[in-house]
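An overview of the molecular structure
One letter stands for each residue in the lines below.
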Amino acid sequence: MKFGDVPVDQAEGCVLAHSMTVAGRKWPKGRVLSPADLYDLRAEGVDTVIAARLERGDVSEDAAAVRVAQAILGPGVEARGAATGRANLHATAGGLFRVNAEAVNRINSVSEAVTLATLPDLDLVEPGRMVATVKIIPFAVPEDTLALAEFLTPAETLSVAPWRGRSVGLVQTRVAGTKDSVLEKTAATTAERLAACDSVLGAERRCAHTVQAVAASLRALKAEDCDMVLMIGASAITDRGDVLPAALEAVGGRVEHFGMPVDPGNLLMLGWWEDAAVLGLPGCARSPKLNGADWVLRRLIADVPVTGRDIMGMGVGGLVNDVPERPLPRARAVAVPPPTETQGTDR
């Protein structure tokens with residue numbers, strides 16, 4: 001492609017580089033100049049225009065954008081054509097957006113002419129949401145450049161892991177002084193959280209905060225064919241030997257991981273009972289605001305594998321906005337003494 005000043009007499013088929021007004025009409029940049037356009041330019045006294053002339057082997061910006069977009073499509077993502085060198089890609093299903101970051105970086109390294117921008121990996125998406133955009137910077141790119149970008153792009157660079165609707169059980173424990181209103185609010189918040197992931201709160205059990213009572217509640221939920229179980233205690237989990245983890249082990253389950261580098265959400269427990277995930281929720285999960293448990297719950301509902309190692313890798317970006325309802329805000333204006341034994345249990 002050649003770019004620069006072009007005599008009007010030689011500009012037929014060239015691509016206008018900048019918008020301009022001719023005979024009272026605005027011509028946008030990217031307009032392909034026709035013989036009639038050249039006549040109008042001469043009538044206006046224009047001798048030269050700044051334009052791009054495509055050469056043999058060049059691919060126009062829109063065609064190039066479409067080819068890159070088609071090369072990166074995976075399940076749950078569609079491209080909707082191109083204009084001005086841009087092709088946008090949209091989710092066709094609700095779930096978690098998945099992106100191969102290494103592949104995106106390779107595409108963006110092929111040439112400054114080809115660019116791809118995406119949402120972050122594991123971002124929550126709904127049908128129709130734009131998840132990525134391909135932008136071809138110049139008016140055309142050489143075929144060999146485009147072919148290299150396609151060659152370096154693995155299939156399904158972008159995809160959506162769709163929600164796999166779950167029926168979820170909830171265990172809530174109580175101690176002396178636990179208010180029914182707190183338990184009702186927690187159940188309602190949990191149901192709303194699940195509904196956002198195309199899942200339902202199928203059953204709930206409320207029991208004393210003891211290993212035996214929680215174990216009995218887990219067995220009852222198992223009998224109701226819940227696909228997953230959430231547990232939230234009157235007192236948040238503080239150790240692998242605490243009530244909720246001990247109850248899971250008492251029924252034959254296992255604790256895979258306890259704790260996470262996400263705040264709020266530090267006191268999360270991930271466990272399994274046969275093929276069902278069991279999450280011990282931190283106290284902040286009583287609030288509808290985003291917390292670390294959401295990141296794990298969403299993956300599980302979308303069938304995106306999550307292990308203890310995955311959780312340990314969530315620290316970058318894991319400082320989530322503070323939740324006003326939480327005691328012990330993380331930032332203090334003055335120094336405070338070390339927390340007492342009862343502090344810090346609602347994380």
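Right above here is the structure, for reference.
Right, let's walk through the structure included here. (Residues numbered from 1 in each chain as written. Predicted model: local features only at pLDDT ≥ 70, side-chain atom pairs only at ≥ 80, totals over all residues. Heavy atoms only, no water.)

1. So, the overall build of the chain
Counting secondary structure elements, the chain contains nine helices and 20 strands. Since a compact globule built from 347 residues should have a radius of gyration of about 20 Å, the 29 Å found for the chain marks it as more spread out than a globular shape. Residues classed as buried in the chain amount to 44% of the 347 residues present. Within the chain, contacts between residues at least 6 apart in sequence are counted, and of these 65% link residues at least 24 apart. Accessible surface for the chain amounts to roughly 16,900 Å². Of this, 53% is attributable to carbon and sulfur atoms. Across the chain, the centroid of the 36 positively charged side chains sits 4 Å from that of the 43 negatively charged ones. (Helix = DSSP H or I, 4+ residues; strand = E, 2+ residues; numbered from the N terminus. Rg over C-alpha atoms; globule rule 2.2 N^0.38 Å. Buried < 20%, exposed > 50% of the residue type's maximum accessible area, 1.4 Å probe, protein only. Contact = heavy atoms within 4.5 Å. Areas by Shrake-Rupley, 256 points an atom, 1.4 Å probe, with all protein chains shown as cover. Lys, Arg positive; Asp, Glu negative; His and termini not counted. Charge placed at Lys NZ, Arg CZ, Asp CG, Glu CD.)

2. Comments concerning the packing of aromatic side chains
Summed over all chains, the structure comprises zero aromatic pairs. Taking the ring centre of Trp 27 as reference, the NZ or CZ of Arg 31 above it sits at 4.4 Å. (Phe/Tyr/Trp six-rings, centres within 6.5 Å; stacked < 30°, edge-to-face > 60°. Lys NZ or Arg CZ within 6 Å of the ring centre and 35° of its normal.)

3. Side note on the nonpolar core
In terms of nonpolar packing, the biggest core is built from 30 residues, with Met 228, Leu 230, Leu 279, Val 296, Leu 300 and Ile 311 touching the most fellow members. For this core, the secondary-structure elements that each account for two or more residues are strand S15 (167-174), helix H5 (180-195), strand S17 (228-232), strand S20 (276-280) and helix H8 (292-301). Among the elements that take part in this core, H8 stands out by supplying five residues, more than any other. Judged by nonpolar contacts, the second largest core, of 27 residues, contains Val 59, Phe 97, Val 125 and Val 134. (Core = buried A, V, L, I, M, F, W, Y, C linked by side-chain atoms within 4.5 Å.)

4. Side note on helix H7 (residues 243-250)
Three or more residues of H7 are buried, namely Val 243, Leu 244, Pro 245, Ala 247 and Leu 248. Along its buried surface, H7 packs onto S15, helix H6 (211-223), S17, strand S18 (254-258), strand S19 (269-273) and S20. Looking one or two residues beyond H7, the residue adopting positive phi is Gly 252, at roughly 100 degrees.

5. Side note on the packing of helix H2 (residues 61-72) against helix H4 (residues 143-151)
Put simply, H2 and H4 touch, their axes get as near as 10 Å, and they point 15 degrees apart. When the axes of H2 and H4 are compared, the pair comes out roughly parallel. Note that H2 runs across H4; the crossing there is right-handed. Along its contact with H2, which presents Ala 64, Arg 67, Val 68 and Ala 71, the element H4 presents Glu 143, Leu 146, Ala 147 and Glu 150. (Axes fitted to C-alpha atoms, helices over the stretch in contact; angles between N-to-C directions. Parallel < 35°, antiparallel > 145°, perpendicular 65-115°, else oblique. Left-handed = near helix turned anticlockwise from the far one by under 90°.)

6. Some words on the pairing of S17
With five of its five residues buried, S17 lies for the most part within the structure. Residues Met 228, Leu 230 and Ile 232 point to one face of S17 and Val 229 and Met 231 to the other, with burial holding for every one of them. Bridge count for S15 against S17 is five bridges, and the pairing is parallel. Each residue of the ladder has a partner; that of Gln 172, found in S17, is Ile 232. (Pairing = 2+ DSSP bridges.)

7. Thoughts on the sheet that holds strand S11 (residues 124-125)
Spatially, three strands are ordered S11-S9-S14 in an open sheet, and the strand pairing comes out antiparallel. Each of the sheet's edge strands pairs with one partner strand only, and the pair in question is S11 and strand S14 (158-162). Two elements, strand S9 (residues 95-99) and S14, share five bridges in a ladder whose sense is antiparallel. Bridge pairing in S14 links Arg 98 to Ser 159.

8. Section: the environment of Gly 24
Take Gly 24: it is sitting in the loop between strand S3 (20-22) and strand S4 (25-27). Gly 24 sits 66 residues away from His 90 along the chain, and the two C-alpha atoms are 37 Å apart.

9. Considering empty space enclosed by the protein
Unoccupied space between atoms shows up once a probe the size of one water molecule is rolled over them. A complete count under the given rule lists two cavities of 30 Å³ or more for this structure. Considered as a void within the structure, the largest cavity measures approximately 50 Å³ in volume. Contributing to the lining of the largest cavity are Thr 190, Arg 193, Leu 230, Leu 281, Ala 285, Ala 293, Asp 294 and Leu 297. For the lining of the largest cavity, the elements supplying multiple residues, two or more each, are H5 and H8. When residues in the lining of the largest cavity are grouped by element, the largest group, three residues, is from H8. The class makeup of the residues in the lining of the largest cavity is five nonpolar, one polar and two charged. One number sums up the size of the second largest cavity: a volume of about 40 Å³. Around the second largest cavity, the lining residues are Leu 218, Leu 221, Lys 222, Cys 226, Val 229, Trp 273, Ala 276 and Val 278. Among the secondary structure elements, those contributing two or more residues to the lining of the second largest cavity are H6 and S20. With three residues, the top contributor of residues to the lining of the second largest cavity is H6. Of the residues contributing to the lining of the second largest cavity, the split by class is seven nonpolar, no polar and one charged. (1 Å grid on protein atoms, 1.4 Å probe; cavity = no way out; pocket = protein on both sides within 12 Å on 5 of 7 lines; lining within 4 Å. Points joined across faces, edges and corners; volume = space filled by probe spheres on them. Nonpolar A, V, L, I, M, F, W, Y, C, P; charged D, E, K, R; others polar.)

10. Observations regarding the layout of surface pockets
Considered as a void within the structure, the second largest pocket measures approximately 340 Å³ in volume. Lining the second largest pocket are 15 residues, with Asp 121, Leu 122, Asp 123, Trp 295 and Arg 299 sitting closest to its centre. Take the lining of the second largest pocket: its biggest share by element is three residues, from H8.

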